[in-house]
Amino acid sequence: MVGLFLFILRCRTRNFIFKRKSANMFLHQKELTEKQFQIIFLLWNKVYPVAFHFDHWQDLKNYFISYTDHHHILYMNNKSIEGWWCDFIREDERWFTILVNNDLHKRGIGRSLVELGRKQHKSINGWVIETNELPKIEGDLYQSPMGFYLKMGFEKTKIHVETNSNIKTVKIRWVNK
């Protein structure tokens, strides 16, 4: 059956692992190229509310390289980056961020990225925007993904942050039990 085979290929030169389902694949790597950062920058600004945008792709890169021990998973759809998971060390804890193209929500891509990313860790943390209906760049409104994370086994902590724009975020945590 077309599209149902799964293979893993290891490429020693860049520490890549491909998991492929037809033309879609998950690509694991320790570092991103400048081109990949540029594409993720565009995706970031499309997915997140305007208040969380970066002005330039280099700003996004500088933000993430300020942390250590990165692990990236790219969801590739016909050679285009449509999803991204990154976990890293910040303040002596493992943290993550995730993006999935708005047009591909509700297709299991986010679930797959979370499952692939967290399986290598005993625990992982993230920040979730709790405020709903924040404007995004294309005019649609951001909806909090909190329900998604709770279904994935994450728990809300008591640590909350409110930005200058009255946007509420909460720290979430997943622990492998």
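Further up the page is the structure itself.
From a predicted model like this one, the values you see are computed outputs, not experimental measurements.

**Q** Please explain the layout of surface pockets as it appears in this structure.
**A** Over the atoms rolls a probe the size of a water molecule, and its path tells where empty space is left. Computed from the structure, the largest pocket encloses a volume of approximately 1,200 Å³. Among the elements of the structure, helix 1 (34-47), helix 2 (57-65), strand 5 (80-90), strand 6 (93-100), helix 3 (109-118), strand 7 (123-129), strand 9 (141-142) and helix 4 (146-151) are those that each provide at least two residues to the lining of the largest pocket. Ranked by residue count, the leading element in the lining of the largest pocket is strand 6, at six residues. A per-class count over the lining of the largest pocket returns 24 nonpolar, 10 polar and seven charged.

**Q** Would you take a moment to explain the pattern of salt bridges for this structure?
**A** Pairing between side chains of opposite charge can happen when the charged atoms of each approach one another. Following the criterion strictly, the structure yields 10 salt bridges and no others. The salt bridge involving aspartate 69 is made with arginine 94; its shortest N-O contact spans 2.4 Å. Residue aspartate 69 is found in strand 4 (residues 68-77), and its partner arginine 94 is found in strand 6; the two are separated by 25 residues along the sequence. For arginine 94, the salt bridge goes to aspartate 87, with nearest N and O atoms at 2.7 Å. The class of aspartate 87 is buried, set by a relative accessible area of 0%. A network of salt bridges, in which partner residues are shared, links Lys30, Asp69, Asp87 and Arg94.

**Q** In this structure, what is going on with the environment of phenylalanine 88? I would like to understand it.
**A** When you line up the elements, phenylalanine 88 lands in strand 5. Using a relative accessible area of 2% as the deciding quantity, one classes phenylalanine 88 as buried. In the structure, phenylalanine 88 is positioned 22 residues away from serine 66 in sequence and 9.9 Å away in space, judged by C-alpha atoms.

**Q** How should a nonpolar patch on the surface be read in this particular structure?
**A** A cluster of nonpolar side chains, namely Trp127, Ile159 and Val161, defines an oily patch on the protein surface of about 260 Å² accessible area. Looking at the element boundaries, tryptophan 127 is found in strand 7.

**Q** Would you mind showing me how to read the nonpolar core here?
**A** Note that soluble globular proteins tend to have their nonpolar side chains buried in a common cluster. Counting residues in each nonpolar core, the largest one holds 27 residues, and the members touching the most others are Ile40, Trp44, Leu60, Phe64, Leu74, Trp84 and Leu99. Breaking this core down by element, the ones donating at least two residues are strand 3 (24-29), helix 1, helix 2, strand 4, strand 5 and strand 6. Counting residues per element, this core draws most heavily on helix 1, at six residues. In this structure tryptophan 44 touches Phe52, His53, Phe54, Leu60, Phe64, Trp84, Thr97 and Leu99, once residues within four positions along its chain are discounted.

The rules behind the values
- Residues numbered from 1 in each chain as written.
- Predicted model: local features only at pLDDT ≥ 70, side-chain atom pairs only at ≥ 80, totals over all residues.
- Heavy atoms only, no water.
- 1 Å grid on protein atoms, 1.4 Å probe; cavity = no way out; pocket = protein on both sides within 12 Å on 5 of 7 lines; lining within 4 Å.
- Points joined across faces, edges and corners; volume = space filled by probe spheres on them.
- Helix = DSSP H or I, 4+ residues; strand = E, 2+ residues; numbered from the N terminus.
- Nonpolar A, V, L, I, M, F, W, Y, C, P; charged D, E, K, R; others polar.
- Salt bridge = Lys/Arg side-chain N within 4 Å of Asp/Glu carboxyl O.
- Buried < 20%, exposed > 50% of the residue type's maximum accessible area, 1.4 Å probe, protein only.
- Patch = residues over 30% accessible without salt bridge, like charges linked within 9 Å, V, L, I, M, F, W, Y side chains within 5 Å.
- Areas by Shrake-Rupley, 256 points an atom, 1.4 Å probe, with all protein chains shown as cover.
- Core = buried A, V, L, I, M, F, W, Y, C linked by side-chain atoms within 4.5 Å.
- Contact = heavy atoms within 4.5 Å.

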